[in-house]
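# Coordinates in review
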Amino acid sequence: MMTGGARPLLWVQLRRTGHYSVQQNHSALPEDNPSAESQRPRPSVCSNPGSSPRRSPHTRLRPRPPCQRCNSQDSLDELEMDDYWKEVENISRSAEKRGGEGGNEEEEQQKHPDEGEQEEAWLMEAGLARLFDGSLPADQEQEEDSAAFLSTLTRAQAAAVERRLTLLHQTQRRCNRQHLPDVRDIFRLPEKDKEPREVQKGSESPPSDASSTEPETVMNVDVAFSEQALSYRDNQPHRVAKMSPNSPDDKLPNFRLLKDKTGQTRVGHLSPPDMKKVRRFALVEITALFDTGGIDLKAHKAVKVKTKESGLFGVPLVTLLDQDQRRVASTKVPFILQRLISHIEEDDGLDTEGLLRISGAATRVKSLYQELESCFYDGTFPWDQLKQHDAASLLKLFIRELPHPLLTVEYLNAFIAVNKLPTKKQQLQALNLLVLLLPEANRDSLKALVEFFQRVIEHQAKNKMTLNNVSVVMAPNIFMFKGCRSKVTEQQEFSMATGTANIVRLLIRYQNLLWTIPKFILTQVRQQNMESQRKQNKERAMRKLLKKITDKPPDRATPEPESAQGFIRVQAPQFSKVSMVLQLTEDLQAADVLTRFLSQDSAVKVKREDLRLYEIGGNIKERCLDRETFMKDLFQLNPAAEWVIKAAQ
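Residues numbered from 1 in each chain as written. Predicted model: local features only at pLDDT ≥ 70, side-chain atom pairs only at ≥ 80, totals over all residues. Heavy atoms only, no water.

Naming follows an unreviewed UniProt entry, where the protein appears as Rho GTPase activating protein 18 of Hippocampus comes. Taken directly from UniProt, the Function (unreviewed entry) text for the protein runs: "GTPase activator for the Rho-type GTPases by converting them to an inactive GDP-bound state." (UniProt positions renumbered as here; feature names shortened; annotations may be inferred.)

Below you can see the structure in the form of structure tokens.
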């Protein structure tokens, strides 16, 4: 194990490629000798609130940052963090072996927005550009959409919008630009002298005994996270985040969601129009949550860079998916990422000791990289000769070589800032929102990775890779990014290492919670949809009234709809039995509906697990139902919906 003294080595960044090279003052280490890893130094990793963790360009002697050992398996100790620094060095050696490949391509750079530019970008992303740009052409539909969106905001969310508008107003006034409307003319915010509205039962509240060792494990998704954080802050005004790597706060409890009888909604279960609304609410909510914690997050924007338009490595995710979807239309994760993961898992590959931690020889990995680029799509790559450690090295190389970070330039700092929130619960809530904000290609690829990491961890008895081991090894691969240009202290450097490893740890450990849509956001989407439909409903009501006046009344009374009698009609247009009527009972669940359908239509060849029940229309566009959804409760929430059975894609 490495000791804590200063090392006689200098780490120099090659400015042209953005990669490290190693200069040694004494004897050279063996080129591809894994046993030499324990003797190698740690390169610096950028870390400050305004920059991303990438290779520092500054040559310096660096003593090891102080770190205390912790016996808890739920925290990151000194021995485990050694793997982080070894992985950073492996990344640097790999870059050297590959030489100047891609050197003609520009680096991805982070740009600090100009004064007021950040607020403008935020408001535009939230779909509220009309609040500050009076030059936009009149669009009644857009104005109604903004009004409907604003009408659903909570106190903390509305305050977040007000703050950005106020900052932008002040900036534009200094720059003698156009006058902005007063925020009070746009929507009415709660009066500040009034008592905050009561947060529903189950929201985050301080423990009654400060010495309590039993962490709260319930995740309340009925109430906005920022509202829960306000309640928590008001009750514990002096609490600050604990960043110590061996703090008891680093223990990972078994969080669970409050049971929702209307069903849990996972990412991918909503239609694209409603997911667009989810993203808008998630942006406002994550901003409100950070505001509540006093975290001033300076977002970066990516400068357009020259990227490859074909191939495998160094190609944008969207481009990869585009070329893969020409082969299989439903592809969500790039073929190369899927294939590397599946190969690692073949022939008990998950039992390989040191999987992900032990790197393949750099020269061999470079050769395999080149062969994959030329042979992958024509099916001639010799997969049977690819060793697990080499495949894992290629997987990590694929992640690092993405021209834009997997967590995106825009949100990379937000992921890192999650560590500043005071409790694990708030950190998970923030990560949940950030996952929703990622572009679909990034979110789906990240999910494929964390699912794979979890399977690696499940084989830890043989591969010796625990949750912490996997997290510290993968953190530099996910978070290292070429946009950093700032000096940092030793303590900042170590804090960045433990902080990014902690984020990866939370993403893996709580992936089943993080890839869900909180109920309060879904409720806001329903409210916005209902608000937007009011005008349409008024027009429909007027047409029906005119029709009723002009048409002759029917000779017999109109039959009462089935729903009013306690029944619903379930449609199945893809199958021979196109519909069936079911009685709504207290215990009828979506799974029961599917079972009943299969029992009545023997011609259906689809397996039960491949059938889905959808809620369509009313106050939602389209939603795939959780099998434990109680139909009567959901019907009461959305009585105008239609119920449709489809085969899963």
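Resuming the write-up.
The next thing to look at is unusual backbone geometry. A positive phi angle, near 55 degrees, is found at D347, a position not held by glycine. Here D347 is to be found in the loop between α9 (335-345) and α10 (362-375). One non-glycine residue, K464, lies in the positive phi region at around 65 degrees. You can see K464 is positioned in the loop between α15 (460-463) and α16 (467-479). (Helix = DSSP H or I, 4+ residues; strand = E, 2+ residues; numbered from the N terminus.)

Within the span of helix α2 (residues 117-125), buried status applies to Q118, E119, E120, W122 and L123. Once α2 ends, the next one or two residues include G127, with phi positive near 75 degrees. (Buried < 20%, exposed > 50% of the residue type's maximum accessible area, 1.4 Å probe, protein only.)

Scanning all chains against the criterion turns up 11 aromatic pairs. When the centroid spacing of 5.0 Å and the interplanar angle of 80 degrees are considered together, the rings of Y84 and W85 count as edge-to-face. Across the pair, exposure class does not vary: Y84 and W85 are buried alike. Ring centres of F376 and W383 lie 6.3 Å apart, and the angle between their planes is 75 degrees; on these two criteria the pair is classed as edge-to-face. Looking at F376, the relative accessible area reads 12%, which means it is buried. The structure contains a cluster of three or more aromatic residues connected by ring pairs, namely F376, Y377, F381 and W383. Of note, R164 hangs over the ring of W122, and the distance from its end group to the ring centre comes to 5.7 Å. The residue whose ring lies beneath K646 is Y614, and the NZ or CZ to ring-centre distance is 4.9 Å. (Phe/Tyr/Trp six-rings, centres within 6.5 Å; stacked < 30°, edge-to-face > 60°. Lys NZ or Arg CZ within 6 Å of the ring centre and 35° of its normal.)

In this section: the pattern of salt bridges. Where charged atoms from two side chains of opposite charge come close, those side chains can pair. Scanning all chains against the criterion turns up 24 salt bridges. K261 is the salt-bridge partner of D633, the closest N and O atoms lying 3.7 Å from each other. Placement of D633 in helix α21 (residues 631-637) and of K261 in the loop between β5 (256-257) and β6 (265-266) is noted, with a sequence separation of 372 residues between them. The class for K261 is partly exposed, based on a relative accessible area of 38%. In this structure, R326 and D322 form a salt bridge, with 2.7 Å as the shortest nitrogen-oxygen distance. Given a relative accessible area of 64%, R326 falls into the exposed group. Take D322: its relative accessible area is 38%, and that puts it in the partly exposed class. Among the charged side chains, a salt-bridge network with shared partners connects R163, R164 and D291. (Salt bridge = Lys/Arg side-chain N within 4 Å of Asp/Glu carboxyl O.)

Here the focus is the packing of α9 against helix α11 (residues 388-401). The description of two helices packed together rests on the angle between their axes and the distance between the axes. One way to put it is that α9 packs onto α11 with a least axis distance of 9 Å and a crossing angle of 155 degrees. The angle between α9 and α11 falls in the class roughly antiparallel. As for the relative orientation of α9 and α11, their crossing is left-handed in sense. Of the residues in α11, those touching α9 at I336, L337, L340, I341, H343 and I344 are Q388, A391, A392, L394, L395 and F398. When its residues are assigned to classes, the contact of α9 with α11 shows 10 nonpolar, two polar and no charged. (Axes fitted to C-alpha atoms, helices over the stretch in contact; angles between N-to-C directions. Parallel < 35°, antiparallel > 145°, perpendicular 65-115°, else oblique. Left-handed = near helix turned anticlockwise from the far one by under 90°. Contact = heavy atoms within 4.5 Å. Nonpolar A, V, L, I, M, F, W, Y, C, P; charged D, E, K, R; others polar.)

What follows is about the confidence of the model for the protein. Predicted confidence across the protein gives a mean pLDDT of 78, with 68% of residues reaching 70 or more. The weakest mean pLDDT in the protein belongs to strand β1 (residues 9-14) at 31; the strongest belongs to helix α14 (residues 440-458) at 98. Here residues 189-215 is a poorly scored stretch, pLDDT under 50, and it has 35 contacts once near neighbours within four places are set aside; other chains count. (pLDDT = per-residue confidence, 0-100.)

This part takes up the environment of A461. Summarising the element assignment, A461 is placed in helix α15. It is 9.3 Å that separates the C-alpha atoms of A461 and E353, two residues lying 108 residues apart in sequence.

A few words on the environment of Q426. Among the secondary structure elements, Q426 is positioned in helix α13 (residues 424-437). For the pair formed by Q426 and G293, sequence separation is 133 residues and the distance between their alpha carbons is 9.6 Å.

Before going further, it helps to examine the sheet that holds strand β12 (residues 620-624). Consider a sheet: its strands pair through backbone hydrogen bonds, and that pairing is either parallel or antiparallel. If you trace the five strands from one edge of the open sheet to the other, you get β10-β9-β13-β11-β12, paired in mixed fashion. The strands lining the two open edges of the sheet, one partner per strand, are β10 (579-583) and β12. When the angles between neighbouring strand axes are averaged without regard to direction, this sheet yields 25 degrees. Examined bridge by bridge, strand β11 (residues 611-617) and β12 share four bridges and lie antiparallel to one another. Among the inter-strand pairings, G617 is bridged to a residue of β12, identified as I620. Sheet strands touched by helix α20 (residues 590-600): β9 (567-571), β10, β11 and β13 (642-647). Its angle to β11, the strand with the most contacts, is close to 115 degrees. (Pairing = 2+ DSSP bridges.)

Moving on, we come to a nonpolar patch on the surface. Together, L545, L546 and I549 make up an exposed nonpolar region whose accessible area comes to about 310 Å². Relative to the helices and strands, L546 is located in helix α19 (residues 519-550). Look at L546 and you get partly exposed, because its relative accessible area is 49%. (Patch = residues over 30% accessible without salt bridge, like charges linked within 9 Å, V, L, I, M, F, W, Y side chains within 5 Å. Areas by Shrake-Rupley, 256 points an atom, 1.4 Å probe, with all protein chains shown as cover.)

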